[in-house]
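# Architecture at a glance
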Amino acid sequence: MPTRRFKIFRYNPHTDERPRYQEYEVQVPTGSTVLDALNEIKWTQDGTLTYRRSCRHGICGSCAMTINGANMLACEAQVHTLKRDPIVVEPLRSFPVIKDLVVDMDGFFDKLLLVKPYLIVKTPPPTDKERYQSPEDRKLLDGAYECILCGACTSSCPSFWADKEFLGPAALLKAYRFIFDTRDEGVQERLDVLDNKHGLWRCHTIFNCVEACPKGLNPTWAIGELKKKVISEKF
Amino acid sequence: MRDYGFGSGGAFHWFLQRVSGVVLFILLLVHFLTTHYFPVGDITYQKVLARLSQPGWKLFYMVFIALGLYHGINGIWIIAQDYVARSSWRFIILGLLMVAGLILFMLGSITVIPFKA
Amino acid sequence: MIIHRHDVVVVGAGLAGLYAALMTSDKVDTAVVSKVYPTRSHSGAAQGGCAASLGNEVEDHWEWHFYDTVRGSDFLGDQDAQEILVKEAPLVIYECEHMGVPFSRTPEGKIAQRPFGGHFGNFGKTPMRRSCYAADRTGHAQLHTLFEQCLKRGVRLYNEFFLLHLIVRDDRCYGGVAWDLRHGGLHCFHAKAVMLATGGYARAWKITTNSMSNTGDGLSLVLRAGLPLEDMEFVQFHPTGLYRSGILVSEAARGEGGYLINGKGERFMERYAPEKMELAPRDVISRSEQTEIDEGRGINGEAYVHLDLRHLGREAIMEKLPQIHELAWKFAGVDCIEEPIPIQPSAHYAMGGIPTDVHGQVLKDEKKTPVVGLYAAGECACVSNHGANRLGTNSTLDCCVYGRRSGIAMAKFVAEEGELLPDLPEGAAEPARELVTRIFKSKGKERMVEIREQLRETMTENMGVFRTEDSMSKALRVVKELQERYKELSIQDKSQQFNTEFMEAVELGYLLDFVEPIIVGGLARKESRGAHFRKDFPQRDDKNWLKHTLAWKTEEGIRLGYKPVVITRFPPEERKY
């Protein structure tokens, strides 16, 4: 069975003075993902290795991490596609490290809350049926509602690295998902939050988020649409 | 949220960056065509002098200088924002950029405005 | 130890838990305790849809949905509960839409509906478009919407808190003790009403569609509190798990017209369900697949068959089944537009669970005596909506309808209780403290991975689609032995912060506890019904076994009891598809 070397970031801020990298050699049967390899290490070599995981098929968003320098979900990263040896596994950058590959996502979720990530409705919906929405209007949400909030995009964004108050691509994509929902009536409230130095305008169209998104979404494009919306309302 | 940089928001600068880009493209085209491609006969100092003596062309170049400086300096500032996290450093960089812009604008002005045939 | 006091504490942040929290949070002080961030909950992995007789695409009636659910459950479901489930289905779907779930739409703009296995029109006649869907990410869309609504209403969320102990004394629940995963340390949650919405348990099988978090925590905590579990022997195997990994390929793939093909290139469902073919219920299809595989008609004689979507065409696949396309590509290396997908039956869903009444209140015995202040809903609960076999799209529905009902019931209960929070019983947190000390201090020789993997292999091998006296007895022997070995378990990571090894050790303890009633209940039930199929008793036996199993954990092992099935409208009949 083929084996691969993994070089993994290890750090417990409570007990370690500084982070270090630890190397492991793991058997990787065909089809192994990085998550499989991490499990193999944790279960058979080193029980102290710590990371988040749950669904193992790319829908829960727990296991986003930096693998060979790029953000991805460990459960989707097929080992055989990773050419660099050893495979370097690190926590999502620019989020505080809790332990090893586990980062503090609270700030990330706080940003989400700022953009009012829920349908805002002023006219009460019909009591005994659904609101109608044409398939074309519904299509506007494709590419936005699929976000799994894994944080890979925001953590890959240089503008976020430099400005921790930046809302980041994930929160902005969420804002897009509601602003372009024809059922929503909170457009202005949300635009007021976005039209800000740390909001839309901090995005400098770097496209890292697009490359990082494991779901193939395009936050940069969505942010562009939001910028156009603000400008067309202002000028 | 706390703010630093050009006033608040950012929408205006984002918009102006794009508008100035488009306008600069047109101005640049006019400048190149009139200076290098379609001068009547060979280009000479006198001909340039004659053109720049006209108030219309003075205005043209003052707008050119202003927009060019705005566009360039705003571009550097935007890049700087992605690399410089500390607000004190940001303040210094923004200050330096603005001072540099102002000096360059003055240099441009004293070149363009006094021209006489 | 830090003590948190709330009116209502919901454990688990999937669809059922969050729906309940939404129902209570505007009336009483509500907290949600979850071992993961809410959006990581396994509800998000639900793909195909949520059933409701809206009749948006073709004529439909709740009675038809009712009949399908009863027949799907092989007449073991309680019909009073099932009637509520299907009657309230349109209501919760509309409520979900009003909250913002991005459902796919019909050309007129109504919620789109697709056919699904086991759902028919006119009392079992024609395939019915009943599953309301958001492409093939319905659970994801619902989960995120409910989470967003909780944020909006400021529900207190305790994320990454892991429940270790349920405080139950004299038929009353006082709260629970949880481990703060991030910082380490015990926190006591003291509440007037506690709701368990801890989800499923299929991680006890080697081949499973479930998240790694689905370790049946709530079920084992209930057992340890001296309360029974109901109908645990009924475990659903999903017919289309990806070969080897078990990752779920939605039934929507068959709803939209996918074929099942064996190694000889035949649509083998012709032999087992000539009328309904691939739209037969899951238990029927999983057995058919397993039979094909066991009789050597798997693909190249291997343990899998093919799910063929090619005839649907690129456009339909990308529009209606985009996630299937993505999953097949990422995890099986198959482009389902060009090639068939290798699939096998995969442990998927717990029909049984914590017995509750139709208001979500937990029941403690055959006489349906309620436990005051303890509620349960979703997959961990057994009302019983699904009897011996659940229909696809009825689970997210169950979470919504019964999560909602539990929430309403808890708000009412808390209002009636008055201001005073009953005092915590003496030494309430001791068992949790002992558990923590035991695991951290243990110097035993046993390693987690060996015990767990042996358990999962045993369950897949012996408690799978087909069972016999021998296989189940063997499983019981192995489990008993593993339970002993578990006592000698030790962990390497002794740190307090984010100790996932500690969490896995506790979860393994949960796995070993709840599998016992599954096996013992299965051994006792000498018939085949729904998902419980015994080769040595292949017939359904209504005379002796039309009843619910209850299982208690005692010093001497599992004690079984039985209670009657509630039949209000549809008497048992032969089940043919």
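Quick caveat, the model's predicted, so the values are computed rather than measured.

## Let's talk about the overall build of chain C
- A tally of regular secondary structure across chain C gives 17 helices and 20 strands.
- For chain C, whose C-alpha radius of gyration is 22 Å, the value lies close to the compact-globule estimate of 25 Å for 577 residues.
- Dimensions along the principal axes, computed over C-alpha positions, put chain C at roughly 65 × 55 × 50 Å.
- For chain C, buried positions account for 72% of its 577 residues.
- Long-range contacts, defined here as pairs at least 24 residues apart, represent 75% of the contacts in chain C between residues at least 6 apart.
- As displayed, chain C has an accessible area near 18300 Å², and 49% of this comes from carbon and sulfur atoms.
- In chain C, the 72 positive side-chain charges and the 81 negative ones have mean positions that sit 1 Å from each other.

## Considering the sheet that holds strand β12 (residues 259–261) of chain C
Residue and element names in this part refer to chain C.
- Strands sit in the order β11-β14-β13-β12 across an open sheet of four strands; the sheet is antiparallel. Two strands in the sheet have a free side with no partner beyond their single neighbour: β11 (235–242) and β12. Pairs of neighbouring strands in the sheet enclose a mean axial angle of 45°, with direction left out of account.
- As defined by bridge partners, β12 adjoins strand β13 (residues 305–308) across three bridges and the pair is classed as antiparallel. Paired with Ile-261 across the two strands is His-306, which belongs to β13.

## Thoughts on the sheet that holds strand β4 (residues 70–73) of chain A
All names here are of chain A.
- Pairing is mixed in the open sheet, where five strands are placed in the order β2-β1-β5-β3-β4. Edge strands, defined here as strands with exactly one partner in the open sheet, are β2 (20–27) and β4. When strand polarity is set aside, the average angle formed by the axes of neighbouring strands in this sheet is 35°.
- Relative to strand β5 (residues 87–90), strand β1 (residues 3–10) runs parallel, the two being bridged by three bridges. Within β5, the position partnered with Ile-8 by the bridge is Val-89.
- Sitting on the sheet, helix α1 (residues 34–44) is in contact with β1, β2, β3 (64–67) and β5, with an inclination near 80° to β1.

## Focus on the arrangement of the chains
- Counting contacts across all two pairs of chains that touch, the top-ranked interface belongs to chains A and C.
- There is a gap between chain B and chain C: no contact, and a shortest C-alpha distance of 20 Å.

## Focus: the pairing of strand β1 (residues 2–11) of chain C
Residue and element names in this part refer to chain C.
- The buried count for β1 comes to seven of ten residues, which makes it a mostly enclosed element.
- As defined by bridge partners, β1 adjoins strand β9 (residues 186–196) across nine bridges and the pair is classed as parallel. Counted as the bridge partner of Arg-5 is His-190 from β9.
- Bridging between β1 and strand β2 (residues 30–34) involves four bridges; their strand directions are parallel.

## Concerning helix α2 (residues 106–114) of chain A
- Along α2(A), the positions that sit buried rather than exposed are Phe108(A), Phe109(A), Lys111(A) and Leu112(A). All buried residues of α2(A) lie within an arc of 150° about the axis, which places them on one face of the element.
- Where the residues of α2(A) are buried, they touch α4 (152–156), α5 (158–162) and α6 (168–179) of chain A together with α5 (138–152) of chain C.
- One or two positions beyond α2(A), positive phi appears at Lys116(A), with a value near 55°.

## Some remarks on the packing of aromatic side chains
- Applying the stated criterion across every chain yields a total of 36 aromatic pairs over all chains.
- Note on Phe123(C) and Phe570(C): the rings are 6.3 Å apart at their centroids and 55° apart in plane angle, and the pair reads as tilted. Here Phe570(C) lies in the segment after β20 (557–564) and Phe123(C) lies in the loop between β4 (113–121) and β5 (126–132), a separation of 447 residues in the sequence.
- The class of Phe123(C) is partly exposed, set by a relative accessible area of 31%.
- For Phe570(C), a relative accessible area of 10% corresponds to the buried category.
- Three or more aromatic residues joined by ring pairs form one cluster here, namely Phe95(A), Phe108(A), Phe109(A), Phe160(A), Tyr37(C) and Phe147(C).
- Over the face of the ring belonging to Tyr562(C) we find Lys547(C), whose NZ or CZ atom lies 4.5 Å from the ring centre.
- Across from the ring centre of Trp552(C), 4.2 Å away, lies the NZ or CZ of Arg559(C), which sits over that ring.

Reading the values: the criteria
- Residues numbered from 1 in each chain as written.
- Chains lettered and ligands numbered in written order.
- Predicted model: local features only at pLDDT ≥ 70, side-chain atom pairs only at ≥ 80, totals over all residues.
- Heavy atoms only, no water.
- Helix = DSSP H or I, 4+ residues; strand = E, 2+ residues; numbered from the N terminus.
- Rg over C-alpha atoms; globule rule 2.2 N^0.38 Å.
- Buried < 20%, exposed > 50% of the residue type's maximum accessible area, 1.4 Å probe, protein only.
- Contact = heavy atoms within 4.5 Å.
- Areas by Shrake-Rupley, 256 points an atom, 1.4 Å probe, with all protein chains shown as cover.
- Lys, Arg positive; Asp, Glu negative; His and termini not counted.
- Charge placed at Lys NZ, Arg CZ, Asp CG, Glu CD.
- Pairing = 2+ DSSP bridges.
- Axes fitted to C-alpha atoms, helices over the stretch in contact; angles between N-to-C directions.
- Arc of directions from axis to C-beta.
- Phe/Tyr/Trp six-rings, centres within 6.5 Å; stacked < 30°, edge-to-face > 60°.
- Lys NZ or Arg CZ within 6 Å of the ring centre and 35° of its normal.

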